[in-house]
Amino acid sequence: MQGTFRFSFGPWNIHEGADPFGPEVRKSIPFNEKLEYYKKLGFDGVQFHDDDAVPDLNNKTHEQIIKEATELKKVLDDHGLVAEFVAPRLWMDPHTIDGGFTSNCPKCREYALNRLKTTADIASAIGAKNIVLWLAREGTYIRESKDPVTATERIGEALQMVLDYNKDIRVMIESKPNEPVDHAFIPTIGHAIAMGLMTNAPDRVGCLIESAHAILANLCPSEEMGFALAHKKLWSVHLNDQNGLKFDQDQTFGMVDPRRALNQVRVLDKHGYGNNGEWIGLDVKVLRTQKDDVCLKHLEYSRKIFLRLLEISRSFDDAKIEELIGTRDYEELNWYILDAMLK
Ligand code: GLO
Ligand code: MG
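Structure report, in brief. If you're wondering where the values come from, they're calculated on a predicted model, not measured in any experiment.

Cut-offs used in this document
Residues numbered from 1 in each chain as written. Chains lettered and ligands numbered in written order. Predicted model: local features only at pLDDT ≥ 70, side-chain atom pairs only at ≥ 80, totals over all residues. Heavy atoms only, no water. Buried < 20%, exposed > 50% of the residue type's maximum accessible area, 1.4 Å probe, protein only. Helix = DSSP H or I, 4+ residues; strand = E, 2+ residues; numbered from the N terminus. Right-handed = clockwise from strand over helix to strand, strands pointing away. Pairing = 2+ DSSP bridges. Salt bridge = Lys/Arg side-chain N within 4 Å of Asp/Glu carboxyl O. Donors = N, O, S within 2.8 Å, 3.2 Å for Na, K, Ca; no water. Near = heavy atom within 4 Å. Polar contact = N/O pair within 3.5 Å; in protein donor to acceptor, adjacent residues only side chain to side chain. Areas by Shrake-Rupley, 256 points an atom, 1.4 Å probe, with all protein chains shown as cover. 1 Å grid on protein atoms, 1.4 Å probe; cavity = no way out; pocket = protein on both sides within 12 Å on 5 of 7 lines; lining within 4 Å. Sits in = over half its atoms within 2 Å of the grid points. Nonpolar A, V, L, I, M, F, W, Y, C, P; charged D, E, K, R; others polar. Points joined across faces, edges and corners; volume = space filled by probe spheres on them. Core = buried A, V, L, I, M, F, W, Y, C linked by side-chain atoms within 4.5 Å. Contact = heavy atoms within 4.5 Å. Arc of directions from axis to C-beta. Axes fitted to C-alpha atoms, helices over the stretch in contact; angles between N-to-C directions.

Among the five residues in strand 2 (residues 45-49), five count as buried, and that is most of the element. Side chains Gly45, Gln47 and His49 of strand 2 all project onto a buried face; the interleaved residues Val46 and Phe48 project onto the opposite face, where all are buried too. For the handedness criterion, the β-α-β arrangement of strand 1 (residues 7-9), helix 1 (residues 31-40) and strand 2 is classed as right-handed. Two elements, strand 2 and strand 3 (residues 82-87), share five bridges in a ladder whose sense is parallel. When the bridges of strand 3 are listed, glycine 45 appears paired with valine 82.

This is the structure:
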């Protein structure tokens, strides 16, 4: 069964170019202008942080938040765009200096739980059935500063809380092993899937695999995807690339290792990804050196590279591959794949 592919990204993927050691290098593009680019670039889905959807939400009443989210839904409809998910941007708030759900401060944990409820409300108002938990600062620099059992239980309780609070939504956990913390509590997709078992609704907890995050855990993204697909838990992806065990680079898909990218496309396509409405999200960042007038190429080319790799993957002769597997001639299999890629 082949996959069905439609593409999404978040407003943060059109970026000013600042990094931890330098200022912004491009002017920022207002949200409404960003929306104009989606269709032109071949994208139909928008991913949101809660405060991408409703800016400055700490200073708004619940009623105001829902009103603005409902208005946003109309704007999306007018552009022919669909909201894929909403994620609480917990890591930017002063309450979450030491994490949200796993913070050692009870008031900060309460803040994080309330923000998760608001995220679910925004998701429902803009017509998204998924929320994403990228757990960011839920982890430690100093092992003794948080008990890992208590921390895992607290993340499980947060999941249960939001599943009970809004019965229409599902949660997708986006694992990442490090950055901004040294060790994160849900470092791989196996951990993410296991978290669902701490709730009474594991069928509503799935995962989002980001290529770079798997690579940062020194794992192979296509095999992580295979694991999640076998568990029927791969509900979204953040495709991108990453040059080894460094800071999270969010590079254009396939930029570093096109064969690794091909294998991600291949596992998704072979196992019917997208046939239940799953999106191909591209969590890519524009290079700092790009000028304003060419600052969207990372999105355009990530999508194009995906489609080119899909063509290559679909051109493979499955009988030939089976024959090489049968004779255990993996050297010839390697040549067959590389030859197709290098044509
Ligand atoms: C950072 C993550 C981040 C999330 C986004 C959605 O490393 O990849 O970009 O994907 O905040 O939760
Ligand atoms: Mg991501």
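Pairing between side chains becomes possible if they bear opposite charge and their charged atoms approach one another. Within the structure shown, the criterion is met by 21 salt bridges. The salt bridge partner of glutamate 68 is lysine 60, with a shortest N-O separation of 3.1 Å. Several salt bridges converge on common partners, so that one network encompasses Asp50, Asp51, Asp52, Arg89, Asp93 and Arg115.

The magnesium ion (ligand 2) binds to the protein through Glu174 (OE), Glu210 (OE), His238 (ND1) and Asp283 (OD), with metal-donor distances spanning 2.0 to 2.2 Å. Sequence positions of the donors to the magnesium ion (ligand 2) reduce to the motif E-x35-E-x27-H-x44-D. One end of the pair, glutamate 174, is in strand 6 (residues 170-174); the other, aspartate 283, is in the loop between strand 10 (279-282) and helix 10 (297-315), with 109 residues separating them in the sequence. Among the residues examined, glutamate 174 registers a relative accessible area of 6% and is labelled buried.

Every one of the 13 residues lining ligand 1 counts as a neighbour, but His49, Glu174, Lys176, Glu210 and Asp283 are closest to it. A distance of 3.1 Å separates an oxygen atom of ligand 1 from a polar atom in the side chain of histidine 238. Taking aspartate 248, its side chain carries an N or O atom lying 2.9 Å from an oxygen atom of ligand 1. Relative to its unbound accessible surface of 320 Å², ligand 1 loses 94% to contact with the protein. Among the detected pockets, ligand 1 sits in the largest pocket. Across the shell around ligand 1, the residue classes break down as five nonpolar, three polar and five charged.

Bringing empty space enclosed by the protein into the picture now. Tallied over the entire structure, the rule returns four cavities of 30 Å³ or more. By volume, the largest cavity amounts to about 100 Å³. Here the residues of the lining of the largest cavity sort into nine nonpolar, three polar and two charged.

Tracing the sequence through the fold places leucine 197 in the loop between helix 6 (189-196) and strand 8 (205-210). In this structure, the C-alpha to C-alpha distance between leucine 197 and serine 211, residues 14 residues apart in sequence, is 24 Å.

Turning our attention to the nonpolar core. One finds Leu234, Leu268, Ile280 and Phe306 to be the most contacted residues of the largest nonpolar core, which totals 86 residues. Once residues lying within four places of it in the same chain are set aside, the contact partners of leucine 268 are Phe5, Met225, Leu234, Val237, Tyr273, Ile280 and Phe306. If you look at the next biggest cluster of nonpolar residues, it comprises seven residues, including Trp12, Ala87, Leu208 and Trp235.

In terms of burial, strand 3 is a largely internal element, five of the six residues being buried. Summarising the sheet, strand 3 and strand 4 (residues 130-134) pair through two bridges and their orientation is parallel. Note on strand 4: the bridge partner recorded for phenylalanine 85 is asparagine 130. Regarding the hand of the β-α-β motif, the stretch spanning strand 3, helix 4 (residues 106-126) and strand 4 is right-handed.

A few words on helix 6. Turning to helix 6, its buried residues number three or more, namely Ile189, Ala192, Ile193, Met195 and Gly196. Taken end-on, helix 6 shows its buried residues confined to a sector of 150°, consistent with a single buried face. At its buried positions, helix 6 is contacted by helix 5 (148-165), strand 6, strand 8 and helix 8 (221-230).

Taken together, eight strands build a closed barrel; the order of strands is 1-2-3-4-6-8-9-10 and the barrel is parallel. For this sheet, the mean inter-axis angle between neighbouring strands, taken without regard to orientation, is 30°.

This brings us to the layout of surface pockets. Counted as a void, the largest pocket has a volume near 1,600 Å³. Together, 48 residues line the largest pocket, and Trp12, His15, Ala18, Asp250 and Lys285 are the ones closest to its centre. Of all elements in the fold, only helix 1, helix 2 (50-53), helix 3 (62-79), strand 3 and strand 4 reach the threshold of two or more residues within the lining of the largest pocket. For the lining of the largest pocket, the leading source of residues is helix 3, giving four residues. Tallied by class, the residues present in the lining of the largest pocket amount to 21 nonpolar, eight polar and 19 charged. In this model, the second largest pocket occupies a volume close to 340 Å³. Forming the boundary of the second largest pocket are 17 residues, of which Leu229, Lys232, His271, Asn276 and Glu278 lie nearest the centre. Where the lining of the second largest pocket is concerned, the elements lending two or more residues are helix 8 and strand 9 (234-239). The leading source of residues in the lining of the second largest pocket is helix 8, at three residues. Partitioning the lining of the second largest pocket into residue classes produces seven nonpolar, five polar and five charged.

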